[in-house]
2 protein chains.
Amino acid sequence: MKDKKIGFVGLGRMGGNMARCLNDKGYQVTAVFDITPSVATDLANEINTIAYETLADVTANADIIFTVVTNDEAMDAIFFGEDNLFTGAEGRLFINCATLTPAIHRHLEAAASKVGARCLEACMASSIPQARSGELFLMIGGAETDFNANKSILRELSKALHYVGEAGKASEVKALVNMVMNINTAALAEGLGIGHALGIDLKMLCNIFSQTGANSRVLETDAEDMILRDHECYFSATHAAKDSGIALALAAASGIHTPLAQATFDQYTKLTKMGKGELDKSGIAELTFKDRN
Amino acid sequence: MKDKKIGFVGLGRMGGNMARCLNDKGYQVTAVFDITPSVATDLANEINTIAYETLADVTANADIIFTVVTNDEAMDAIFFGEDNLFTGAEGRLFINCATLTPAIHRHLEAAASKVGARCLEACMASSIPQARSGELFLMIGGAETDFNANKSILRELSKALHYVGEAGKASEVKALVNMVMNINTAALAEGLGIGHALGIDLKMLCNIFSQTGANSRVLETDAEDMILRDHECYFSATHAAKDSGIALALAAASGIHTPLAQATFDQYTKLTKMGKGELDKSGIAELTFKDRN
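So, here's what we can say about the structure. (Residues numbered from 1 in each chain as written. Chains lettered and ligands numbered in written order. Predicted model: local features only at pLDDT ≥ 70, side-chain atom pairs only at ≥ 80, totals over all residues.)

Here we come to the interface of chain B and chain A. Contact with chain B, which involves 55 residues of that partner, is made by 55 residues of chain A. Of all the elements in the fold, those that place two or more residues in the side of chain B that touches chain A are β6 (136-142), β7 (158-165), α9 (169-197), α10 (202-210), α11 (217-228), α12 (237-254) and α13 (259-276) of chain B. It is α9 of chain B that contributes the most residues to the side of chain B that touches chain A, 19 residues altogether. Here the side of chain B that touches chain A is built from residues that sort into 31 nonpolar, 18 polar and 6 charged. (Contact = placed C-beta atoms within 7 Å. Helix = DSSP H or I, 4+ residues; strand = E, 2+ residues; numbered from the N terminus. Nonpolar A, V, L, I, M, F, W, Y, C, P; charged D, E, K, R; others polar.)

So, on to the sheet that holds strand β5 (residues 118-124) of chain B. Residue and element names in this part refer to chain B. If you trace the 7 strands from one edge of the open sheet to the other, you get β2-β1-β3-β4-β5-β6-β7, paired in mixed fashion. The open sheet has two free edges, formed respectively by β2 (28-33) and β7, since each of these has just one partner strand. Taken over all neighbouring pairs, the strand axes of this sheet differ in orientation by 25 degrees on average, direction set aside. As paired elements, β5 and β6 share 5 bridges and run antiparallel to each other. Within β6, the residue paired with A122 across the bridge is I140. Packing against the sheet, α9 makes contact with β5, β6 and β7, and its axis sits at approximately 140 degrees to β6. (Pairing = 2+ DSSP bridges. Axes fitted to C-alpha atoms, helices over the stretch in contact; angles between N-to-C directions.)

This part covers the packing of helix α10 (residues 202-210) of chain A against α9 of chain B. Between α10 of chain A and α9 of chain B, whose axes approach to 10 Å, the crossing angle comes to 50 degrees. Judged by the inter-axis angle, α10 of chain A sits oblique to α9 of chain B. The interaxial crossing formed by α10 of chain A with α9 of chain B has right-handed handedness. Contact with α10 of chain A, carried on its side by L205, I208 and F209 of chain A, involves V173, L176, V177 and V180 of chain B of α9 of chain B and no other residues of that element. In the contact of α10 of chain A with α9 of chain B, the residues fall into 7 nonpolar, no polar and no charged. (Parallel < 35°, antiparallel > 145°, perpendicular 65-115°, else oblique. Left-handed = near helix turned anticlockwise from the far one by under 90°.)

The values are spatial; any link to function lies outside them.
This is the structure:
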């Protein structure tokens, strides 16, 4: 697929690094765009490509366009705003990587087909270093034929690649992944917070957790950060609240009662309202350790 | 320590199997007792020991006495009832293996020292097969000298042995282990319940959970049981409610707000009140899958 021209819209830490990764691997990154023009020109200088000033120019100058923007509103703006990616989009493939509500992926797929374009959703359950190194965990939604036709470029970006189902399904799965992760994180923060208040050695407690039914991935990734109050952001509290909120909406629409997801959403929302939304998700421990508030 | 005479009080599936294990390993199990006399005589016949009719007789005929009863009330009865283990207990060591409130371990230690006896708390984070095979996960509270003096017999029963601190500390740690485990279990049940309602393939969902931040020990142990509704009991919903309740009391006494532990306690209490308390902890999925209620 190295004959295809690749575009990128949304050049934050994820999108920018995915562009660098494909460029390193010999793909033709021909067009980049960011809402902040200097971000786009900086990246264009770095990887020797062109920063366009309009979205329509990106569509005009690329075959496959990755969008890596922040949320539903931003997606709405780049696809349905006055200057938009659907202009002259016949034959284009859009690979949409933001964490969005499942509904917008279904809406986008329908809108794309009207202009003769295709969409895939590519939900990422990984972070910045994995974007840079092409080791993302990718869950793909959309038409299986489009997935199969574009597997090779998706493989370049990922160490794990799952086709999940029709448009919207990957977002649903991702929302559930993050919902469970967030609850487990909140659980760990409560366990360590109580342990701390009881004067239990937290290193020993984590060691015991790791050998028992209390073990979890977030124990590995977040326990030490919670203890040391090292909340440098990999996945923000605000994002955690957003993703848990998407899962809660799915639960409500399905008539499923999810009190744990609700309690976790409430904790992350509280943290955000306290002005601590930009802490990493481990920052939830600020709510459960004595004397941190 | 094979010169010591070993007694067992409380011969349920845990206690009975611990007695069998030590007997297999060549220890002298000299005295057993159960609230249900036929349980004691059956075990006595099986491992060729003596089932006594009074607790005082157990104390009279053993040096080290393991107690493996169900709860604080049962502990109160065997140590402070009319017929009790403290009668003639000078020089005896009691190793108390039930999941109890931390306070009762401190109370017992003080009462034991008045009659010249010693106590260790031995909290188990394992199940029946591990009791039988001597592969328990043991957390010990009490005087460190008593722990060190009795390490060898504790090692025979365990594959992991942690000295946690003074009397009561092991129960605190165990309550936190089970609290976090229960929350993670409730989280998984919500994730799978929503996934099921959305028509997502649950095997694929579990596979994705296992590769992401949603991974946990309970994903390995409980996910399939939740999907198949196979709630054969290893750790009951009633026990889950009890242990989460102990942790909640510790949190409240420390002034820590723990909404996740509370929501999980509420779910397990609800399940118990529905008459499903004897389901395994995986039974919490009965509350989060559509059409199961």
